[in-house]
Amino acid sequence: MKRSTKKLISLLICLAMALAILPVAAFAANTTTVYCQAPDGWTNCNAYWWGSSSENPGWPGNTMSQDAEGIWYYEVPSDATGLIFNNGSGTQTADLTVPTDGNDMFVF
């Protein structure tokens, strides 16, 4: 096989591989799931975030969902930088930093 044919085949294979992963990159998650094991007595939990290019919610934030084990969870924009969990009645966490490494955030 000629050298130019081998180069062309190699180029086509590389192009096919790049195109194969393009849809995955284009639809990568743009949220970070954050979890909060709220203190006893909290009957709801809100997530308030800031620093995102997406509009942040007004205070006290968006109502989180609760799983079967009582852990609250919510998906915040992945470019959010800060976060506060609160019960909507004046009790809240300190300012928290949203992880930037793609990992989920847990607060206990």
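None of the values given here were measured: they were computed from a predicted structure.

Conventions used here
- Here the residue index of a chain counts from 1 through its sequence in written order.
- pLDDT decides what is reported in this predicted model: residues at 70 or higher carry local features, side-chain atom pairs at 80 or more are listed and counted, and totals for whole chains, interfaces and linings draw on all residues regardless.
- Neither water nor hydrogens contribute to the side-chain values; these are computed over all heavy atoms in the structure.
- When two rings of Phe, Tyr or Trp (its six-membered ring) have centres within 6.5 Å they constitute a pair, described as stacked for plane angles under 30 degrees, edge-to-face for angles over 60, and tilted for the intermediate range.
- Partly exposed describes any residue whose relative accessible area lies between the buried limit of under 20% and the exposed limit of over 50%, with all areas from a 1.4 Å probe on protein chains only and scaled to the type maximum.
- Labels follow the DSSP assignment, with helices taken as runs of H or I lasting at least four residues and strands as runs of E lasting at least two, numbered in each case from the N terminus.
- A pair of strands is treated as paired once DSSP finds two or more bridges between them.
- Contacts are assigned to residue pairs with any non-hydrogen atoms lying within 4.5 Å of each other.
- Take the buried residues of types Ala, Val, Leu, Ile, Met, Phe, Trp, Tyr and Cys, join any two whose side-chain atoms come within 4.5 Å, and each joined set is a nonpolar core.

K.L.:
Mind laying out the packing of aromatic side chains, listing which residues take part and the relevant values?
P.N.:
Under the counting rule described, the total for this entry stands at four aromatic pairs. With centroids separated by 6.0 Å and ring planes inclined at 40 degrees, the aromatic side chains of Tyr48 and Trp50 adopt a geometry described as tilted. Trp50 gets classed as partly exposed once you look at its relative accessible area, which sits at 27%. Where Tyr48 meets Trp59, the ring centres are 5.2 Å apart and the plane angle is 70 degrees; that geometry is what we call edge-to-face. Taken as a pair, Tyr48 in strand E2 (residues 46-50) and Trp59 in the loop between E2 and strand E3 (62-63) lie far apart in primary sequence, eleven residues in all. The exposure class of Tyr48 is buried, given its relative accessible area of 17%. Its relative accessible area of 48% is what places Trp59 among the partly exposed residues. Here the aromatic residues Tyr48, Trp50 and Trp59 are joined through ring pairs into a cluster of three or more.

K.L.:
How would you explain the pairing of strand E5 (residues 72-77) if you had to name every residue and give the values?
P.N.:
Relative to E5, strand E1 (residues 31-36) is paired through six bridges, and the arrangement is antiparallel. Residue pairing for E5: Val34 is matched across the bridge by Tyr74. Of the pairings in the sheet, the one linking strand E4 (residues 65-66) to E5 comprises two bridges and is antiparallel in character. The partner of Ser65 across the bridge, within E5, is Tyr73.

K.L.:
An account of the side chain of Thr93 is needed here, citing residue identities and associated values.
P.N.:
Take Thr93: it is sitting in the loop between strand E6 (82-86) and strand E7 (96-97). Excluding residues within four positions of it along the chain, Thr93 makes contact with Ile84 and Phe85.

K.L.:
Before we move on, can you summarise the nonpolar core with the specific residues and values?
P.N.:
Counting residues in each nonpolar core, the largest one holds 17 residues, and the members touching the most others are Cys36, Cys45, Met64, Leu83 and Phe85. Every element with two or more residues in this core is listed here: E1, E2, E5, E6 and strand E8 (105-107). Those residues within four positions of Cys45 in sequence are excluded, and the remaining contacts are Cys36, Asn62, Thr63, Met64, Trp72, Phe85 and Asn86.

K.L.:
Pulling in residues and values, what's your account of the sheet that holds E8?
P.N.:
Pairing is mixed in the open sheet, where four strands are placed in the order E4-E5-E1-E8. Two strands lie at the open edges of the sheet, namely E4 and E8, each paired on one side alone.

K.L.:
Which residues make up the sheet that holds E6, and what values do they have?
P.N.:
On the basis of which strands lie adjacent, the open sheet formed by four strands has the order E3-E2-E6-E7 and antiparallel pairing. Because the sheet does not close on itself, it has two edges, and the strands there are E3 and E7. Examined bridge by bridge, E2 and E3 share two bridges and lie antiparallel to one another. Pairing of Ala47 across the sheet is with Asn62, part of E3.

K.L.:
Tell me about the pairing of E6, and name the residues and values.
P.N.:
Every regular strand shows the same layout, with side chains that alternate between the two sheet faces. With five of five residues buried, E6 lies mostly within the body of the structure. Every second residue of E6 is oriented toward a common face, with Gly82, Ile84 and Asn86 on one face and Leu83 and Phe85 on the other, all of them buried. Here five bridges tie E2 to E6, and the two strands are oriented antiparallel to one another. Residue Asn46 lies in a different strand from E6, and its bridge partner there is Asn86. Inspection of the sheet shows E6 paired to E7 by two bridges, in the antiparallel sense. Paired with Gly82 across the bridge in E7 is Thr97.

Just distances and angles here, no functional claims.
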